[in-house]
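Remarks on the overall topology
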Amino acid sequence: MTVFSSVDAHIDALVPSWLTLPEVAERLGLDITRIRPLIKEGQLLAVRRGENRVLMVPEAFIGDGKIIKGLSGTLTVLKDDGFTDEEALEWLFTADDTLPGTPAQALRENRGTEVKRRAQALAV
C-alpha cells in the first residue's frame, strides 16, 4: 500500500468521519512524530483528503486511546491480497451482511477474527 494516496469522493462518502494526524496523536497520547511511522509500518492507514490534500485517518480506526485491535493484521492481509489503500478503505467501510455491518465496525466491536477471515478469503 502506498503511504500517502488520495481518496476519491466515493470512498470519502463511505467513511463517516476523519481525523488529522495531530488529532490522531492526541487521541493516542503520542507525539505527532510517532504517527507517520505507524502509517509506514502498516499499523494505520492514512490518505490525503480535501482541497489542501491533508493527510487523514478514519476516526473509526482509533478507539479508547489506542488503534483498534485487529486493524494492523487486517491491513497486512489486504495489502498481501494486492489491495491499494483506496480498495482497503472501500472494503473496510462497505457493509457486509455476513458480519453484519462493515468490517471497520466489526473491528471496533472486537470481532477481528471474523474480519480477518473474510479478508483472507478475498485472496482465494
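Residues numbered from 1 in each chain as written. Predicted model: local features only at pLDDT ≥ 70, side-chain atom pairs only at ≥ 80, totals over all residues. Heavy atoms only, no water.

**Some remarks on the packing of helix H4 (residues 71-80) against helix H5 (residues 85-92)**
Using the following cut-off: Comment: axis = line fitted to C-alpha atoms, over the contacting stretch for helices; angle = value between 0 and 180 degrees taken between N-to-C directions. Helix and strand assignments follow DSSP, with helices taken as H or I runs no shorter than four residues and strands as E runs no shorter than two, numbered in order from the N terminus. Working rule for angles: under 35 degrees goes down as roughly parallel, over 145 as roughly antiparallel, 65 to 115 as roughly perpendicular, anything else as oblique. Should the near helix be turned anticlockwise from the far one by less than a right angle, the crossing is left-handed, and should it be turned clockwise, the crossing is right-handed. Residue contacts are counted whenever heavy atoms from the two residues lie within 4.5 Å of one another. Amino acids outside the nonpolar list (Ala, Val, Leu, Ile, Met, Phe, Trp, Tyr, Cys, Pro) and the charged list (Asp, Glu, Lys, Arg) are all regarded as polar, and Gly is one of them.
At a minimum axis separation of 10 Å, H4 and H5 run at an interaxial angle of 125 degrees. Between H4 and H5, the angle falls in the class oblique. Every pair of crossing elements has a handedness; the one defined by H4 and H5 is right-handed. Contact residues: Leu 71, Thr 74, Leu 75 and Leu 78 in H4; Ala 88, Trp 91 and Leu 92 in H5. Taken together, the residues of the contact of H4 with H5 sort by class into six nonpolar, one polar and no charged.

**Topic: the UniProt feature "domain: Rv2175c C-terminal" (unreviewed entry) in the protein**
Heads up, the rule is: UniProt positions are given in the numbering used here, feature names are shortened, and annotations may be inferred rather than shown by experiment.
Per the UniProt annotation, the sites labelled "domain: Rv2175c C-terminal" (unreviewed entry) are residues 68-123. Here residues 68-123 runs as 61% helix and 0% strand, with 23 Å between its end C-alpha atoms.

**Side note on the confidence of the model for the protein**
We count it as follows: The quantity called pLDDT is the predictor's confidence in a given residue, expressed from 0 to 100.
Per-residue confidence for the protein averages 91 on the pLDDT scale, and 94% of its residues sit at or above 70. Taken element by element, the predicted model of the protein shows its lowest mean pLDDT in strand E1 (residues 5-6) (55) and its highest in helix H2 (residues 21-28) (97).

**Looking at the packing of aromatic side chains**
Worth spelling out the cut-off: Here a Phe, Tyr or Trp ring, Trp counted by its six-membered ring, pairs with any other such ring whose centre lies within 6.5 Å, and the pair is stacked when the planes are under 30 degrees apart, edge-to-face when over 60, and tilted otherwise. The rule is simple: take the accessible area with a 1.4 Å probe, protein chains only, and divide by the maximum for that residue type; under 20% is buried, over 50% is exposed, in between is partly exposed.
For the structure on display, the rule yields one aromatic pair. Aromatic pair Phe 61 and Phe 93: ring centres 5.7 Å apart, planes at 35 degrees, arrangement tilted. One end of the pair, Phe 61, is in the loop between strand E4 (54-58) and strand E5 (62-63); the other, Phe 93, is in the loop between H5 and helix H6 (103-108), and 32 residues separate them in sequence. What makes Phe 61 buried here is its relative accessible area of 0%.

**Examining the nonpolar core**
Rule in force here: The criterion is simple. A nonpolar core is a set of buried Ala, Val, Leu, Ile, Met, Phe, Trp, Tyr and Cys residues joined through side-chain atoms within 4.5 Å.
One finds Leu 44, Phe 61 and Leu 92 to be the most contacted residues of the largest nonpolar core, which totals 38 residues. At the level of elements, strand E2 (18-20), H2, helix H3 (35-40), E4, H4, H5, H6 and helix H7 (112-121) are the ones that each hand at least two residues to this core. Setting aside residues up to four positions removed in sequence, Leu 44 forms contacts with Val 24, Leu 38, Ile 39, Val 57, Phe 61, Ile 62, Ile 67, Leu 71 and Leu 75.

**Examining the pairing of E4**
Rules: Two strands pair under a simple rule: DSSP has to find at least two bridges between them.
Extensive coverage of E4 is indicated by the burial of four of its five residues. Of the pairings in the sheet, the one linking E2 to E4 comprises three bridges and is antiparallel in character. Bridge assignment links Trp 18 to a residue of E4, and that residue is Pro 58. Two strands pair when backbone bridges link them, and strand E3 (residues 47-49) and E4 are joined in this way by three bridges, in the antiparallel orientation.

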